[in-house]
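Below, each chain spelled out in residue letters.
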Amino acid sequence: MQINQVNLVNPDTLPSLAELWLAGPVIEILIAALTVLLLDLFLKDEDKGALTWISVLGLATAGAMSLVLWPSGEGILFNSLRIDGFSLFFTNLLLAAAILTLLSSVHYLKETNIQKGEFHALILFSTFGMILMAMANDLILFFLALETMSIGVYVLTGMWHQRSAAGEAAMKYFLNGAFASGFLLYGIALIYGATGSTNLERIGDYLSQNPLQGNFLLITGAVLLLIGLAFKVAAVPFHFWAPDVYEGAPTPVTGFMAVAVKAAAFAGWIRIVMHQLSPLEDQLSFILWAIAILTMTVGNLLALTQSSVKRMLAYSSIAHAGYLLIGVIAGNDMGGSAVLFYMLVYTLMTLGAFGVLMALQQAGKDNDSYQAFAGIGFKHRFLALAMSIFMLSLAGFPPFGGFTGKFYLFRSAVESGHTVLSVIAVLNSVLSVAYYLRVIVMMYMQEGRGEAKPFRRSPYLYTAIAITALGILWLGVAPDFPLELSRISIASLR
Amino acid sequence: MTESFPGILTLLLGIPLLGAVVMGFIPRNSKGSLFGCALFFTVLDLLWSLNILSRFNSTLGEMQFVERVAWIPSYGVEYFIGIDGLSLFLILLTTLLGPIAILASWSIEEKVKEFLLFMLILQTSMLGTLLALDLFLFYVFWEAMLIPMYFIIGVWGGPRRIYAALKFVIYTMSGSLIMLIGIIALVTTASQLNQTTSFDLLRLYDLRLSFEQQMWLFLAFSLSFAIKVPLFPFHTWLPDAHVEAPTAGSVILAGVMLKMGTYGFLRFAIPLFPDAARAAAPFISTLAVIGVVYGALVAMMQSDLKKLVAYSSVSHLGLVMLGLFALNLQGVQGAVYQMINHGLSTAALFLAVGMIYERRHSRMIADFGGLWKVIPLFSVIFLVITLSSIGLPGLNGFVGEFLILLGAFKNMTPWAVVAASGIVLAAIYMLWMYRRVFFGPISPENQTLKDVGTREIVVLVPILVLIVFMGIYPKPILNRISPSVEKIIARMERPTTLSRQTLEERRTAEKEGARHAN
């Protein structure tokens, strides 16, 4: 078997300055994270609000750098990272998700006494890992990036350590995640064994040049890889960790997990499964079908029975992973760009909904039962209006982004001949209407019990909610520009 | 065919929306100015639609006042609207019932601003549904209609409003989403044949699909429309929604929204899939006739006035469906005419029932009796509406029912015979109800009821005038409807299905062509 020999002493193989320059945006996040950690040591408690701004500034700078520095498709650092439209799309999506999370958590952190320094640094570190996942062109690098992300998120889950649920959630997440990593790594090893490389492009070349029938090593490897990835997007039947973890984690972290972790993992789904492993489509399609249908149906059915809105959102995020998998199954370019577009919409809807949950949070205690929403419709008009937009959009009503996104996904499925799958998906959407509307029922159609609850008003949180709500309207009414972006991003993979 | 944007139809859509925006600046405790604002904009919309009526060319069957502009080019979606004889009077009905429903809601005291906002948004989305000629645009309006209605029933409705509102949404949505897949499949098939992606309805009319494709797509579309109509056995959401909805909600729901279903059949399901429609006609007509008789029988047994009117809608719309699926000129023309009739008379019935309810806080037939002596004017108005609803010659209902039966007798006599018996049943339950409410001994609680006030007369008179006018002089309306109906009938009679073989041949020819081009 041929092994890549890289002689590090040879100056030709060292990364050139130009390559490092291209990696600038990612390195910049790392620098911001380390700055936050260092400053945390010296800042007084009352000055620690500055950490938020340093982090947001760091993330925004990275976004700006990526827009300026990343022109076209190019592999850097031994072709282990690819800089293309796809990376650019996900980088900025993930950065936006991180910024919105940080903005909406300002007040939450104050209320819950979560350590600010660590919180910000961990968000930055895991964002760093996520972006590398989206760029990774090599399975080993993908794995390392995924671990960087995961370890950050494991700790974030347990950050509110006064609550026993937090410890349980973190432990559960860590153990399950470790298992998933094992699957993933085993899969990578088998694929390496079968193809002789961990580089995605070489694997792709191998797959297109060699007969795949009966190559059990390869297929087993691919299946194990799929399982690892399915864990990260909480696809059924690898979802058991998700509800408890989502419920136990501090609400901003839950939103961040539901959105950013999922987005990064879907970047992997697209780049690895949909793009490079596409010759294996015949062998994998049955498994993907089963996972997608189960994920949608189980997610929706269980969401229907929840009494806590936070848990409901956790299950609904599982169901949405199922919808997203439709695009992966469609396998064509339209499917890929549908996933990208839906990811964008989903990010806004979900972050917004968790933002409203945070606004309801009061005095060191999560307040996330349906009852907490009772009667707020005509008392806290802004929050209720925003929440209605998020719920209606999640349920897929026009003229909100959720509808255009679902439409695009279903269309990619029909176009590639998976009409049955899209029918199952729409029936699932009907199911989901029941529980999303329940929130609206509580807000507008039932009276609040007892006195009006003291809502904490934080300008940053409200700004974040307003941004997401307006974004959803924009994606619903004039989606042309983002649609075009997602199309270009997918086209850049070729 | 002009294609200017923004044109007069966009203005028609925009006026209620503009009203909603203006209303945003009015303080929420000044009920008078809120109502004034909503009324001003809906009346303006009504006047604007009359202007459109006066400029409408009654000799054309084509789309008029067409506006077309790219909306989402990457989907191939356009903002494409227009009006023809099929939609013209439904639009007028919508703009007429808008201010009437708002005026009838004066008794609402709580959350007035939100209520009126939803009414205005609802108005725009209903008009949009009737105007849209792009399937995607149509679907957006079609679904957007649900949200304000959901809130109107759910917030301002009766005791079981939450259940009723949810049932309404779930039923309608399950149908619509299946239609969404149908739309996607239709457009995908079309784009494979024509090499361009477009949701343009008029171009999709010319598409030639195999019979099997037509059947599947017809099924997907009609399920959605059948639920909205509602065709038996998909009607169970209707009584709940009507009973719990506030008066304005019932008026709009019965007056306009139910017609969206029949309109959908006429505009989309039948002309897009003509062969499938013809094949399915006996089946759908059977369901329609069952609806006619079943609705009438159930209505007869109701003790609640609102429920009685709700079930009578099931019966009447069954008749409309029978007319549509007679698939000939008289039947379809009668169906379109009857849609407007039903909109007027049922809206008026719901308004009148609402007025009784406001006075007595009861809708039970048993609580009334002898009202004729106490409130004579109201009784006379109610009588006219009742007679219109049962199709007395000289009033509007007669014209529509007559045409429908005429059309149905031509193609499907047995169905027409059964349906005619349903009309007799309608006379029985309506008149029986009238007798129990307005004649007989009077109970002391009803002695002090007040007769109709000025506001209520203003609400009812326009409808009454139209009921009589459309009964004695239907010609100007039928004249404007028939060119468009003729066009649809002509489309039905043209051979549309290509045999599988020719399709294959054409595809290979196209492939050859593409190869040569390369």
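Reading the values: the criteria
- Residues numbered from 1 in each chain as written.
- Chains lettered and ligands numbered in written order.
- Predicted model: local features only at pLDDT ≥ 70, side-chain atom pairs only at ≥ 80, totals over all residues.
- Helix = DSSP H or I, 4+ residues; strand = E, 2+ residues; numbered from the N terminus.
- Buried ≥ 20, exposed ≤ 12 C-beta atoms within 10 Å, placed from the backbone.
- Contact = placed C-beta atoms within 7 Å.
- Rg over C-alpha atoms; globule rule 2.2 N^0.38 Å.
- Axes fitted to C-alpha atoms, helices over the stretch in contact; angles between N-to-C directions.
- Parallel < 35°, antiparallel > 145°, perpendicular 65-115°, else oblique.
- Left-handed = near helix turned anticlockwise from the far one by under 90°.
- Nonpolar A, V, L, I, M, F, W, Y, C, P; charged D, E, K, R; others polar.
- Pairing = 2+ DSSP bridges.
- pLDDT = per-residue confidence, 0-100.
- Expected span 1.5 Å × (residues − 1).
- Arc of directions from axis to C-beta.

### Thoughts on the overall build of chain A
Then step 1. A tally of helices and strands in chain A yields 19 helices and two strands.
Then step 2. Considering only C-alpha atoms, chain A reaches an extent of 75 × 60 × 40 Å along its principal axes.
Then step 3. The 494 residues of chain A split such that 59% are buried.
Then step 4. Once local pairs closer than 6 in sequence are excluded, the contacts in chain A between residues at least 24 apart make up 81%.

### A few points about the overall build of chain B
Then step 1. Summing up its helical and strand segments, chain B has 21 helices and two strands in all.
Then step 2. Over its C-alpha atoms chain B spans a radius of gyration of 23 Å, differing by no more than 12% from the 24 Å that the globule rule assigns to 518 residues.
Then step 3. By residue count, 57% of the 518 residues in chain B fall in the buried class.
Then step 4. A fraction of 81% describes how many contacts in chain B between residues 6 or more apart in sequence connect residues 24 or more apart.

### Thoughts on unusual backbone geometry
Then step 1. Of note, the bond from Pro398(A) into Pro399(A) is cis; its omega dihedral lies within 30 degrees of zero at 0°.
Then step 2. You can see Pro399(A) is positioned in the loop between α15 (381-395) and α16 (401-415).
Then step 3. Phe232(B) connects to Pro233(B) through a cis peptide bond whose omega is 0°.
Then step 4. Secondary-structure assignment places Pro233(B) in the loop between α9 (211-228) and α10 (237-244).
Then step 5. The residue Asn113(A) is not glycine, and still its phi comes out positive at about 60°.
Then step 6. Note that Asn113(A) resides in the loop between α4 (85-112) and α5 (116-135).
Then step 7. At Ala234(A), a residue that is not glycine, the phi angle is positive and equals roughly 55°.

### What about the packing of helix α2 (residues 31-55) of chain B against helix α3 (residues 85-103) of chain B?
All names here are of chain B.
Then step 1. For the pair α2 and α3, interaxial distance at closest approach is 9 Å and the crossing angle is 160°. Judged by the inter-axis angle, α2 sits roughly antiparallel to α3. In this structure, α2 meets α3 at a crossing whose hand is left-handed. Contacts from Phe35, Ala38, Leu39, Thr42, Val43, Asp45, Leu46, Ser49 and Leu53 in α2 reach Leu88, Ile91, Leu92, Thr95, Leu96, Gly98, Pro99, Ile102 and Leu103 in α3.
Then step 2. Residues that form the contact of α2 with α3 fall into these classes: 13 nonpolar, four polar and one charged.

### Some words on the environment of Phe128(A)
Residues and elements named next belong to chain A.
Then step 1. By the element assignment, Phe128 lies in helix α5.
Then step 2. Residue classification places Phe128 among the buried residues on the basis of 24 C-beta atoms within 10 Å.
Then step 3. Separated by 95 residues in sequence, Phe128 and Ala33 have C-alpha atoms that sit 9.1 Å apart.
Then step 4. If we skip the residues at most four places from it in the chain, Phe128 touches Val26, Ile29, Leu30, Ala33 and Thr148.

### Overview of the interface of chain B and chain A
Then step 1. Listed per partner, the contact involves 25 residues of chain B and 26 residues of chain A.
Then step 2. Of all the secondary-structure elements, those providing two or more residues to the side of chain B that touches chain A are α5 (135-144), α6 (146-156) and α7 (161-194) of chain B.
Then step 3. Sorting elements by how many residues they give to the side of chain B that touches chain A places α7(B) first, with 14 residues.
Then step 4. Split by residue class, the side of chain B that touches chain A holds 18 nonpolar, four polar and three charged.

### Digging into α5(B)
All names here are of chain B.
Then step 1. Of all the ten residues making up α5, ten are buried; the element is thus mostly covered by neighbouring parts of the structure.
Then step 2. Here α5 has its buried residues at Leu135, Phe136, Leu137, Phe138, Tyr139, Val140, Phe141, Trp142, Glu143 and Ala144.
Then step 3. Of the surrounding elements, those touching the buried residues of α5 are β2 (77-83), α4 (112-131), α6, α7 and α8 (201-205).

### Focus on the pairing of strand β1 (residues 64-72) of chain B
Side chains on a regular strand alternate between the two faces of the sheet.
Residues and elements named next belong to chain B.
Then step 1. Where β1 and β2 come together, six bridges link them in antiparallel fashion. Looking across to β2, one finds that Gln64 is bridged to Ile83.
Then step 2. Where β1 hands over to β2, the hairpin turn is made up of four residues, of which Gly76 adopts a positive phi near 80°.

### Here we look at the packing of α6(B) against α7(B)
Residues and elements named next belong to chain B.
Then step 1. Contact pair α6 / α7: the axes reach a minimum separation of 8 Å and the direction vectors enclose 160°. By the angle between their axes, α6 is roughly antiparallel relative to α7. Judged by the twist between their axes, the crossing of α6 over α7 is right-handed. Contacts from Leu146, Tyr150, Ile153 and Gly154 in α6 reach Arg161, Ile162, Ala164, Ala165, Phe168, Val169, Thr172 and Met173 in α7.

### Regarding the confidence of the model for chain A
Then step 1. The pLDDT averaged across chain A works out to 87; a share of 94% of its residues lies at or above 70.
Then step 2. Taking the mean pLDDT of every element in chain A, the minimum, 75, falls on strand β1 (residues 74-76) of chain A and the maximum, 94, on helix α6 (residues 139-157) of chain A.

### Description of helix α19 (residues 480-491) of chain A
Then step 1. Between its terminal C-alpha atoms α19(A) stretches 16 Å, which fits the 16 Å expected from twelve residues at 1.5 Å a residue.
Then step 2. Within the sequence span of α19(A), burial applies to Pro482(A), Leu483(A), Ser486(A), Ser489(A) and Ile490(A). All buried residues of α19(A) project into a common sector of 125° when viewed along the axis, lining one side.
Then step 3. Looking at the buried positions of α19(A), the neighbouring elements they touch are α4, α14 (333-360) and α18 (459-477) of chain A together with β1 of chain B.

### Concerning the environment of Arg267(B)
Then step 1. Note on placement: Arg267(B) falls in helix α11 (residues 247-272).
Then step 2. Between the C-alpha atom of Arg267(B) and that of Ile488(B), which follows or precedes it by 221 residues, the distance is 8.7 Å.

### Observations concerning the environment of Gly322(A)
All names here are of chain A.
Then step 1. Take Gly322: it is sitting in helix α13 (residues 309-330).
Then step 2. Residue Gly322 is classed as buried on the basis of its 26 C-beta neighbours within 10 Å.
Then step 3. When residues no more than four places from it in sequence are discounted, the contact partners of Gly322 are Ala292, Thr295, Met296 and Gly299.

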